[in-house]
Every structure is written in C-alpha cells, then in structure tokens.
Amino acid sequence: MIYSIQPKMYAKLKKSLYTIISLILISFIFFTIKYNETSIQKRGETLSRILKNNYFLELNKFIFQKVNSPYLDIAHKIKKGENLTNIFKSYNIDEKDITKANSKLKKFIKPNKLKMGMILDLVIKKNMSGTLNLMKLNLPTSKSIMISLERDINEKFIAKKTITQLFKKLAFSEGIIKKSLYSSAIKNNLDPNLIVEFARVYGFEIDFQRDIRKNDTFQILYETFVDEDGEWYSNDKIIYTYMSVQNKELPLYYYGTDEFSGYFDINGKSAEKALMKTPINGARLSSPFGMRKHPILGYNKKHTGTDFAAKLGTPVMASGTGTVVKAQWCGGGGNCIKIKHNSTYSTIYAHLSKFASGIKSGTKIRQGKIIGYVGSTGLSTGPHLHYEVIMNGKKINSQKLNLPSGRILKGKDRKKFEVQRIKSDVLLAETISKKN
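All values reported here derive from a predicted model rather than from experimental measurement. (Residues numbered from 1 in each chain as written. Predicted model: local features only at pLDDT ≥ 70, side-chain atom pairs only at ≥ 80, totals over all residues. Heavy atoms only, no water.)

A. Looking closely at the state of the cysteines. What the rule picks out here adds up to one disulfide. Sulfur-sulfur distance for the disulfide between Cys-330 and Cys-336 comes to 1.7 Å. Across the S-S bond linking Cys-330 and Cys-336, the dihedral sits near -50 degrees, which makes this disulfide left-handed. Assessed through its relative accessible area of 5%, Cys-336 is described here as buried. (Disulfide = S-S within 2.5 Å. Buried < 20%, exposed > 50% of the residue type's maximum accessible area, 1.4 Å probe, protein only.)

Written out as structure tokens, the structure reads:
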C-alpha cells in the first residue's frame, strides 16, 4: 500500500499509537474472556492463559518494537515542483547526508527534475543525538529503471541503477581515418570496447601500425541495448564491418551457430587466423626483428622479437587463443607474459607495466583479450611492448609470419551464411537510410 507520512505528523502519530495499541490489547483480552468463559474463576484462568500465550507475547513484543524503532519507513509521493533536496529537508534529514546523497545520485538522475507521481521510498534513522540520518532510498525513474542508494557499514553512500527491461536496436557508425582508427572512432562516439573488438576482427589482415593510411575509411553496424527512454546501456555483437585500406575493400559479416561464431568475407572465408599480426593498437614499430645494437647493453645482439612504442598503459591483447604459462617478472624483460596457443605456437609479451585482472599461470584466454598494459619494466629505455612469436621452439619474425586462414563455410552453413549476409545488407541499407 502506498502511504506518505509528513514529518510534523509523525510525533503526534507515535503518541497516538501507544493509546491505540493499549486499547486494542485490552479489547482483545475482554472479548476473548466474554465469549469463551462464564464464571469469574474461569475468566481469571483464561486471562492467565492469554497473557502467557507465546503468540500473544510475540505480538505484543512486535508491536511495541515497531513503535520504539529508531527507523522510519517513508513512501513519499512526488508532487509537482519537488526535488530531492526539499524532500529530504521536509523530513529533517541531516544536511551532510543531503549533500552526500545528492552527489552520488546525480550520476543517475537529475535531483532537481523528478517525475511527478513517482513513489520515493526512504528509510531514515533517528540517532541518540536527535539527528535524522538517511539510510536507504529507492526511486523508480521509469517502468524499467530503479535508482537505489544505501549506506554501507563504513557510513558511505553507494548508488546504483537497476534496469529490469532492455530493448535491442541497431546502431551504425562510419568515419574517415586521419591519424588512427582509435582516435577517429572515438570522435564518432564509438565505445572503446567496441573499437577493441573491431580492431581484433581486422587484426589478422591489417597491421594497424603500418598498413593504415590517411583517408582510409571504416563502417560498423552493431547491436546495442537501450532502456525504455532510449538511453544507451551496453553494446552487443557487431553485425557487419567494412574497411577501405589503401583502396582495398574489406567487408566482413558476422555468422554464428551453436558450435562456432565469427566474421567471414563474402566468400564465407573466416577473417580469423591462429595469431593476430600485432597485439596492440595505437603503437609504432620501433625496433624490428634481427641484429641490432642493444640500446642499454651497448653491443650488437640479435633482437628476437618486435618492439612497438606506445604510451604508458596502452592495452596489450593476446594475439591468439591459448593458455597463460607464465605471468611474472622475467629479469631484463620486466613484467612478462607467455601464452601457449597450441603445439606449434607460443607468444611472449614483455616490459609490461602491469598484468590485466585475472591473468596468471593456467588462465585460459580468448584471442583479443586484454592481458596487460604497456610499460618500461626491466631493461628498457622507454614505454614499449616487446613481442615474440615462437614456432616449434624457435623465435621467428612475427611480421613475416604467413598463417593459414581459418574456417571456410561449406554446405548448409554456407547457404545459411548467404541468407544472413543478405539480411545484414538490408539492415545496413535501412539503418543508413534512417540516419540520413
């Protein structure tokens, strides 16, 4: 039942409750005696039994605990023109609590613009000092969104947004690359996680450090989840991607079954290979594989990997699916990770500033997953990634490695893919038309 208690009424109501409860209890005893016993002696015995009855004692205890409880539950129906601050003040909530609560809640709602008619549930506690503290708050901002605030054991407010219903819709973005794919995609308001997945898909075919040229283009059609107000919540899978790199067109389509999923070209050929060309985006090739003069040791020594200079903290991805066999300090290599992909290939990532959460020996990872971040640990003159590919126990040049293509769709899968590809083209045309 929805109810609303005004603060000034609460003190009077509490006093009245004692009187009302006492009358109820007296009446309960009187009528029980009257209808169940007739003699004075039996009435006394009945009264004694009632007063000693466990249910009666528990009821009495429960009622008086509620009256004496320092907690007050309030359901406030929001009126026209009300905001959180004046609602809090109307219940005499402590000023410090009001400031802290508003600070946390403004991440999810506009405290000064509340929807009239919504029910704001509050739990307030009266302390021995007489101050009233906000303990809990629940506010539905729509039929599918609930904003909550709760005081934890450390007396800090924690706010969160709960969405009970989401709606899937298609989104489209395209752009012209001026400096890098990442910077151009960010300008087009693409979510960073979506950019990482986009780069992973093309990472088998394109070296984003050396192949990309100014004015190359990209397109991406993807699924996204929104709430009932159309506010973005999260992204789902990419449906279609396109890149034009040095006048070479590279369209890819998503196709999945219960057994596998991935991105395929118009001929049903998988874009994925055993290893990506480069496990990092936004970096430049600073030192190739082969003989060189070591920048710190000062003498000629074979460089058994490829160095990519990048900003400190740049994410590093696993170039292939596999199992982490090492994630520790490696002397001159600093913080390093070694991944075994299969019986043929392993990769090493060195000089990392730190490992990604959950990365340790024995961890199974998917191709493209972030495993660490660029650093300058060990024997290093500056932030960069040292990347090695090991084939059958021998370190080889990752940039000259030609890996066989992945799955090629055949039979029923090929026919289903063709149907899916046509549907994706229609969705693409419709989405672009709506956007324009």
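B. Examining the sheet that holds strand E1 (residues 71–77) more closely. Overall, antiparallel pairing links the five strands, which are arranged E1-E2-E3-E4-E5 in an open sheet. Both outer strands of the open sheet, E1 and strand E5 (157–163), are each paired with one neighbouring strand and no more. Going from strand to strand, the sheet's axes swing by 20 degrees on average, the running direction of each strand aside. (Pairing = 2+ DSSP bridges. Helix = DSSP H or I, 4+ residues; strand = E, 2+ residues; numbered from the N terminus. Axes fitted to C-alpha atoms, helices over the stretch in contact; angles between N-to-C directions.)

C. Fine view of the packing of aromatic side chains. Scanning all chains against the criterion turns up 10 aromatic pairs. When the ring of Phe-198 is compared with that of Tyr-202, the centres are 5.2 Å apart and the planes differ by 50 degrees; the resulting orientation is tilted. Pair noted here: Phe-198 and Tyr-202 are both in helix H7 (residues 192–202), with a separation of four residues, about one helical turn. Its relative accessible area of 1% is what places Tyr-202 among the buried residues. Above the ring of Tyr-373, the side-chain terminus of Lys-354 is found at 5.4 Å from the ring centroid. Here Arg-407 stacks its cationic end above the ring of Phe-260, 3.8 Å away from the centre of that ring. (Phe/Tyr/Trp six-rings, centres within 6.5 Å; stacked < 30°, edge-to-face > 60°. Lys NZ or Arg CZ within 6 Å of the ring centre and 35° of its normal.)

D. Inspection of helix H8 (residues 411–435) at higher detail. Compared with an ideal rise of 1.5 Å per residue, which puts 25 residues at 36 Å, H8 spans 36 Å between its outermost C-alpha atoms and is within 8% of the ideal. Buried within H8 we find Phe-417, Arg-421, Ser-424, Leu-428 and Thr-431. At its buried positions, H8 is contacted by strand E6 (167–176), strand E7 (217–226), strand E8 (232–245), strand E9 (248–256) and strand E10 (261–264). (Expected span 1.5 Å × (residues − 1). Contact = heavy atoms within 4.5 Å.)

E. Examining the sheet that holds E8 more closely. Across the sheet, which stays open at both edges, the five strands sit in the order E6-E7-E8-E9-E10 with antiparallel pairing between neighbours. A strand with exactly one partner marks an edge of an open sheet, and here the two such strands are E6 and E10. Taken pair by pair, the neighbouring strands of this sheet meet at an average axis angle of 25 degrees, ignoring direction. As paired strands, E6 and E7 are joined by 10 bridges and run antiparallel to one another. Across the sheet, residue Ala-171 finds its bridge partner in E7, namely Tyr-222. Strands E7, E8, E9 and E10 of the sheet are contacted by H7, whose axis makes an angle of about 35 degrees with E8. Together, E6, E7, E8, E9 and E10 form the strand contacts of H8, whose direction differs from that of E9 by roughly 115 degrees.

F. View of a positive patch on the surface. A surface patch of positive charge is lined by Lys-104, Lys-106, Lys-107 and Lys-156. As for its position among the elements, Lys-107 is in the loop between helix H5 (95–105) and strand E2 (119–126). When its relative accessible area of 64% is taken as the criterion, Lys-107 is described as exposed. (Patch = residues over 30% accessible without salt bridge, like charges linked within 9 Å, V, L, I, M, F, W, Y side chains within 5 Å. Areas by Shrake-Rupley, 256 points an atom, 1.4 Å probe, with all protein chains shown as cover. Salt bridge = Lys/Arg side-chain N within 4 Å of Asp/Glu carboxyl O. Lys, Arg positive; Asp, Glu negative; His and termini not counted. Charge placed at Lys NZ, Arg CZ, Asp CG, Glu CD.)

G. Representation of the pattern of salt bridges. Counted under the stated rule, the structure contains 10 salt bridges. Its salt-bridge partner being Arg-366, residue Glu-197 comes within 4.0 Å of it at the nearest N-O pair. Highlighted residues: Glu-197 in helix H7 and Arg-366 in the loop between strand E19 (364–365) and strand E20 (370–374), separated in sequence by 169 residues. When the shortest N-O distance is used, the salt bridge between Glu-223 and Lys-237 registers 3.3 Å. With Glu-223 in strand E7 and Lys-237 in strand E8, the pair connects residues that are 14 residues apart, well separated along the chain. For Glu-223, a relative accessible area of 11% translates into the label buried.

H. Broad picture of the environment of Lys-169. Mapped onto the elements, Lys-169 comes out in strand E6. Put simply, Lys-169 and Glu-223 are 54 residues apart on the chain and 5.8 Å apart in space, counted from C-alpha to C-alpha.

I. Representation of the side chain of Asn-102 within the structure. For Asn-102, the position within the fold is in helix H5. Sequence-distant contacts of Asn-102, defined by excluding residues within four places in its chain, comprise Leu-84, Thr-85, Phe-88 and Pro-111.

J. Layout of the pairing of strand E3 (residues 132–140). The pairing of E2 with E3 spans six bridges and is classified as antiparallel. Of the residues in E3, the one forming a bridge with Val-123 is Lys-136. Taking the residues between adjacent antiparallel strands as the criterion, E2 and E3 are bridged by five residues, where Gly-130 takes a positive phi near 100 degrees. As judged from the five bridges shared by E3 and strand E4 (residues 145–151), these two strands associate in the antiparallel manner. Each residue of the ladder has a partner; that of Lys-136, found in E4, is Glu-150. As consecutive antiparallel partners, E3 and E4 are separated by four residues.

K. Spatial organisation of the side chain of Asn-83. Position of Asn-83 among the secondary structure elements: in the loop between E1 and helix H4 (84–90). Polar side-chain contacts of Asn-83 include one of 2.9 Å to the backbone nitrogen of Asn-86. The contact partners of Asn-83, leaving out residues within four places of it in the chain, are Pro-111, Asn-112 and Leu-114. (Polar contact = N/O pair within 3.5 Å; in protein donor to acceptor, adjacent residues only side chain to side chain.)

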